[in-house]
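# Analysis of the macromolecular model
Residue strings, one per chain:
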Amino acid sequence: MALHIINENNDELKNYVRNKIFEYNMKHFPDDLKGKYQEIHIFLKDEDGQVCGGILGETCWNWLEIQYLFVEPEHRRYGYGKKLIHEAERIAKEKQCDFIKVDTLSFQALDFYKKEGFEVYGIIENAGRHKHYYMKKDL
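The sections below set out a description of the structure shown in this document. (Residues numbered from 1 in each chain as written. Predicted model: local features only at pLDDT ≥ 70, side-chain atom pairs only at ≥ 80, totals over all residues. Heavy atoms only, no water.)

Further remarks concern the side chain of Thr 59. As for its placement among the helices and strands, Thr 59 is situated in strand S2 (residues 51–60). Here Thr 59 is in contact with Lys 36, Tyr 37, Gln 38, Ile 40, Leu 64, Lys 95 and Cys 97, once residues within four sequence places are set aside. (Helix = DSSP H or I, 4+ residues; strand = E, 2+ residues; numbered from the N terminus. Contact = heavy atoms within 4.5 Å.)

Structural data, given as structure tokens:
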């Protein structure tokens, strides 16, 4: 049987690959860390229920990874990003995570994350002609 490679946006196939790597990974982590995966969806809403920002991420074994943090431009500089981060930290501690990790580009939120206690542990130069920072905060 010959195998072939396809490039296709397909949620069913995406979930198959994700589930298979998760299944493989589970064989290599201690029992007390198994079953700790959970998607995190934290939203910032106005009085009318309109979403104005949020954090999307996941807890996985002993960390929380922030994949997206966004606040609408007109709501920035009022502390909402900080409140979102603090809620993510609360969830991470509740889930007994040891650290939070996030990545950001040089034009995004490097200074914000530094103020919140994150430290850079890696940098990729020339990521779209910007720097790509990988950051971590121990809890």
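Taken in spatial order, the six strands make up an open sheet running S1-S2-S3-S4-S6-S5, and their pairing is mixed. In this open sheet, the two strands that pair with only one neighbour each are strand S1 (38–45) and strand S5 (119–127). The sheet shows a mean angle of 20 degrees between the axes of neighbouring strands, direction not considered. Sheet analysis places S1 next to S2, joined by eight bridges and oriented antiparallel. (Pairing = 2+ DSSP bridges. Axes fitted to C-alpha atoms, helices over the stretch in contact; angles between N-to-C directions.)

Let's shift gears to the pattern of salt bridges. With the rule as written, the count across this model stands at eight salt bridges. As a salt-bridge pair, Glu 65 and Lys 101 come within 3.9 Å of each other at their nearest N and O atoms. Here the residue Glu 65 occupies a position in strand S3 (residues 63–71), and Lys 101 occupies one in strand S4 (residues 99–105), the gap between them amounting to 36 residues. For Lys 101, a relative accessible area of 23% puts it in the partly exposed group. By sharing partners, the salt bridges in this structure join Glu 87, Arg 90 and Glu 94 into a single network. (Salt bridge = Lys/Arg side-chain N within 4 Å of Asp/Glu carboxyl O. Buried < 20%, exposed > 50% of the residue type's maximum accessible area, 1.4 Å probe, protein only.)

Another aspect to go through is unusual backbone geometry. Its identity is not glycine, yet Trp 61 carries a phi of approximately 55 degrees, on the positive side. Within the fold, Trp 61 resides in the loop between S2 and S3. In this structure Trp 61 comes out as buried when scored by relative accessible area, which is 6%. With a phi close to 70 degrees, Arg 129 is a non-glycine residue in the positive phi region. Looking at where Arg 129 falls in the secondary structure, it is placed in the loop between S5 and strand S6 (130–138).

Counting 21 residues, the largest nonpolar core has Ile 42, Ile 55, Leu 64, Ile 66, Phe 118 and Met 135 as its most contacted members. When sequence neighbours within four positions are dropped, the list of residues in contact with Ile 55 reads Ile 40, His 41, Ile 42, Ile 66, Tyr 68, Leu 69, Leu 84, Ile 85 and Ala 88. By size, the runner-up hydrophobic cluster in this structure holds six residues, among which are Met 26, Cys 60, Trp 63 and Phe 99. (Core = buried A, V, L, I, M, F, W, Y, C linked by side-chain atoms within 4.5 Å.)

This next bit is on the packing of aromatic side chains. Taken as a whole and assessed by the stated rule, the structure comprises eight aromatic pairs. Taken together, a centroid distance of 3.9 Å and an interplanar angle of 5 degrees make the contact between Phe 29 and Trp 61 stacked. Of the two residues, Phe 29 sits in the loop between helix H1 (11–26) and S1 while Trp 61 sits in the loop between S2 and S3, which places them 32 residues apart along the sequence. The class of Phe 29 is partly exposed, set by a relative accessible area of 26%. For the pair Tyr 121 and Tyr 134, a centre-to-centre distance of 6.4 Å together with 50 degrees between the ring planes defines the contact as tilted. (Phe/Tyr/Trp six-rings, centres within 6.5 Å; stacked < 30°, edge-to-face > 60°.)

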